[in-house]
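The lines below spell out each chain.
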Amino acid sequence: MFFKTSVAVATTAIGLTALAYPAQAAQFFFTYTHGGPTTPIVVTGTLTGDLGPGGIITINGFSDITYNGVDLDSDPFEWQPGSTFVDSYSNQSSGSGVPATASFSGASMDFVLFGSVFQYIGFGPVVVGNPTIFSSSLSQTITNPPLTNDLGGVEEPFNQAGWSIQLIPEPSAVVALLGLGLGALASRVRKQG
């Protein structure tokens, strides 16, 4: 009997998780670590987008971007809502109109994040012999703290192992799963008592 109850609870939890998966735009936290001891770069932030088949996220926007610990949402960089945008890296050379995308695995990356005065951080599928590239060209006016290891627009091979992205769960989904777990626990305690 315990096995059947466990399977029922697990199935319900999986079903609720599937329902909680974003049909509309969701938020994803990402981190990217690039380079070695001489040019370490760590980029973190939040992407907003739609999760599609194969773990591909169509990106609508971004926020909370940091580059080597420097918050790019504050002045003088001015990565503020309304003054920033995201585009496909491929569009920069071809104008093809494809959407900006990222993947959970890092195997499919095609987006560039722009600041208010044409600085950018980009991930694109363009370098011969390398499936994806990483590039940045950032304002050098940030001095407190100083911005370190900007690539100055140079395209370097993307480190797929350095890419990590995860869904930020909706509060309602967390509450639903917590309620399900507590309900199952109460039911089990009541049957034993």
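Refer to the structure printed above.
The rules we used
- Residues numbered from 1 in each chain as written.
- Predicted model: local features only at pLDDT ≥ 70, side-chain atom pairs only at ≥ 80, totals over all residues.
- Heavy atoms only, no water.
- Core = buried A, V, L, I, M, F, W, Y, C linked by side-chain atoms within 4.5 Å.
- Buried < 20%, exposed > 50% of the residue type's maximum accessible area, 1.4 Å probe, protein only.
- Helix = DSSP H or I, 4+ residues; strand = E, 2+ residues; numbered from the N terminus.
- Phe/Tyr/Trp six-rings, centres within 6.5 Å; stacked < 30°, edge-to-face > 60°.

Formed by 30 residues in total, the largest nonpolar core has its most connected members in Tyr-67, Phe-111, Ile-121, Phe-123, Phe-134 and Trp-163. The biggest single contributor to this core is strand β3 (residues 56-67), with 5 residues. Residues Tyr-89, Val-112, Tyr-120 and Ile-133 belong to the second largest nonpolar core, which totals 5 residues.

Moving on: the environment of Ser-63. Among the structural elements, Ser-63 can be located in strand β3. Sequence separation between Ser-63 and Thr-46 is 17 residues; the distance between their C-alpha atoms is 5.2 Å.

Turning our eyes to something else, we now look at the packing of aromatic side chains. Throughout the structure, instances matching the rule amount to 11 aromatic pairs. Note on Tyr-32 and Phe-123: the rings are 5.2 Å apart at their centroids and 80° apart in plane angle, and the pair reads as edge-to-face. Highlighted residues: Tyr-32 in strand β1 (residues 26-34) and Phe-123 in strand β8 (residues 120-124), separated in sequence by 91 residues. The class for Tyr-32 is buried, based on a relative accessible area of 0%. Ring geometry for Phe-111 and Trp-163: centres 6.3 Å apart, planes at 55°, overall tilted. Remark: Trp-163 occurs in strand β11 (residues 163-167) and Phe-111 occurs in strand β7 (residues 111-114); sequence separation between them is 52 residues. Assigned by exposure class, Phe-111 and Trp-163 land together as buried. Put simply, the rings of Phe-30, Tyr-32, Phe-111, Phe-123, Phe-134, Phe-158 and Trp-163 pair up and form one aromatic cluster.

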